[in-house]
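Listed below, chain by chain, are the residues.
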Amino acid sequence: GAGVSQSPSNKVTEKGKDVELRCDPISGHTALYWYRQSLGQGLEFLIYFQGNSAPDKSGLPSDRFSAERTGGSVSTLTIQRTQQEDSAVYLCASSLGAGGHSPLHFGNGTRLTVT
Amino acid sequence: AQSVTQLGSHVSVSEGALVLLRCNYSSSVPPYLFWYVQYPNQGLQLLLKYTSAATLVKGINGFEAEFKKSETSFHLTKPSAHMSDAAEYFCAVSDRGDTGRRALTFGSGTRLQVQP
């Protein structure tokens, strides 16, 4: 079946502009995650959605970052007034269940470059 | 709070040699543990997971990992490296408690190089 789909695959933007990154999770997966992967670093947790529960936003680095998940499916990560330090690969993942044991299925990511 | 430490950001082995990638975790409760692999220009994919059944877990591509509670470790091994194993490997931990964040906490990754 289809995997997690992210768009765009690459995004180049000017400092100060807003960007929106999209994630289509696997159908039926109730949990959705956003991570950020910077060059030479591991994966940094950003935000987690589970069903209709309030999202866990504890990883968002600043109030310039926000995310929505509409209808329990598609999610959009928005970065306002982008800065050069926002340049990274943004990874979306989904999983079948709420439990921590459910493995994550990752998309190929959106590579964001802020010039 | 849960955390993961991967010792060695880069590991280089010869083809056919043993692969050992180290992972130590910190968690307030017995955790779920995972290894993910990221091949060049690809997304992360699951190698194996530990969820409290057998402490020795076998994964794809000949990899396995052993959960050692006394050492708080979950090291990844493969008896004989293949060129196609060159990738970045991430250890991850998830709290199995009813409270706390369910998202995985990842280590900083270990890049495996396989020399011919």
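What comes next is a walk through the structure. (Residues numbered from 1 in each chain as written. Chains lettered and ligands numbered in written order. Predicted model: local features only at pLDDT ≥ 70, side-chain atom pairs only at ≥ 80, totals over all residues. Heavy atoms only, no water.)

1. Examining the sheet that holds strand E6 (residues 65-69) of chain A
All names here are of chain A.
Move 1: One open sheet holds the four strands; their spatial order is E1-E3-E7-E6, and the pairing between them is antiparallel. The strands lining the two open edges of the sheet, one partner per strand, are strand E1 (5-7) and E6. Strand-to-strand twist in this sheet, taken as the mean axis angle between neighbours without regard to direction, amounts to 15°.
Move 2: Where E6 and strand E7 (residues 75-79) come together, five bridges link them in antiparallel fashion. When the bridges of E7 are listed, alanine 67 appears paired with leucine 77. (Pairing = 2+ DSSP bridges. Helix = DSSP H or I, 4+ residues; strand = E, 2+ residues; numbered from the N terminus. Axes fitted to C-alpha atoms, helices over the stretch in contact; angles between N-to-C directions.)

2. Notes on the environment of B:Phe63
All names here are of chain B.
Move 1: With respect to the element layout, phenylalanine 63 can be found in the loop between strand E6 (56-58) and strand E7 (64-68).
Move 2: Look at phenylalanine 63 and you get buried, because its relative accessible area is 1%.
Move 3: In the structure, phenylalanine 63 is positioned 26 residues away from valine 37 in sequence and 11 Å away in space, judged by C-alpha atoms.
Move 4: When residues no more than four places from it in sequence are discounted, the contact partners of phenylalanine 63 are Val19, Leu47, Leu48, Val57, Lys58, Leu76, Thr77, Lys78, Asp85 and Tyr89. (Buried < 20%, exposed > 50% of the residue type's maximum accessible area, 1.4 Å probe, protein only. Contact = heavy atoms within 4.5 Å.)

3. Overview of the interface of chain A and chain B
Move 1: Between chain A and chain B, the contact holds 20 residues from the first and 20 residues from the second.
Move 2: Buried area between chain A and chain B, both sides added, is near 1,600 Å², and the carbon and sulfur share of it is 59%.
Move 3: Run the count over chain A and chain B and you get four residue pairs in polar contact (both at pLDDT 80 or more).
Move 4: Among the elements of the structure, strand E4 (31-37) and strand E5 (43-50) of chain A are those that each provide at least two residues to the side of chain A that touches chain B.
Move 5: Here the residues of the side of chain A that touches chain B are counted per class, giving ten nonpolar, nine polar and one charged. (Buried area = accessible area lost by both parts, 1.4 Å probe. Polar contact = N/O pair within 3.5 Å; in protein donor to acceptor, adjacent residues only side chain to side chain. Nonpolar A, V, L, I, M, F, W, Y, C, P; charged D, E, K, R; others polar.)

4. Observations concerning the state of the cysteines
Move 1: Enumeration over the complete set of coordinates arrives at two disulfides over all chains.
Move 2: Sulfur-sulfur distance for the disulfide between A:Cys23 and A:Cys92 comes to 1.9 Å. In this structure, the disulfide formed by A:Cys23 and A:Cys92 twists by about -65° around the S-S bond and is classed as left-handed. Pair noted here: A:Cys23 is in strand E3 (residues 19-24) and A:Cys92 is in strand E8 (residues 88-95), with a separation of 69 residues, a long-range link.
Move 3: Overall, A:Cys92 belongs to the buried group, its relative accessible area being 0%.
Move 4: A sulfur-sulfur separation of 2.0 Å characterises the disulfide bridge that pairs B:Cys23 with B:Cys91. Between B:Cys23 and B:Cys91 the disulfide shows an S-S torsion of about -65°. By sign, it is left-handed. One end of the pair, B:Cys23, is in strand E3 (residues 19-26); the other, B:Cys91, is in strand E9 (residues 87-94), with 68 residues separating them in the sequence. (Disulfide = S-S within 2.5 Å.)

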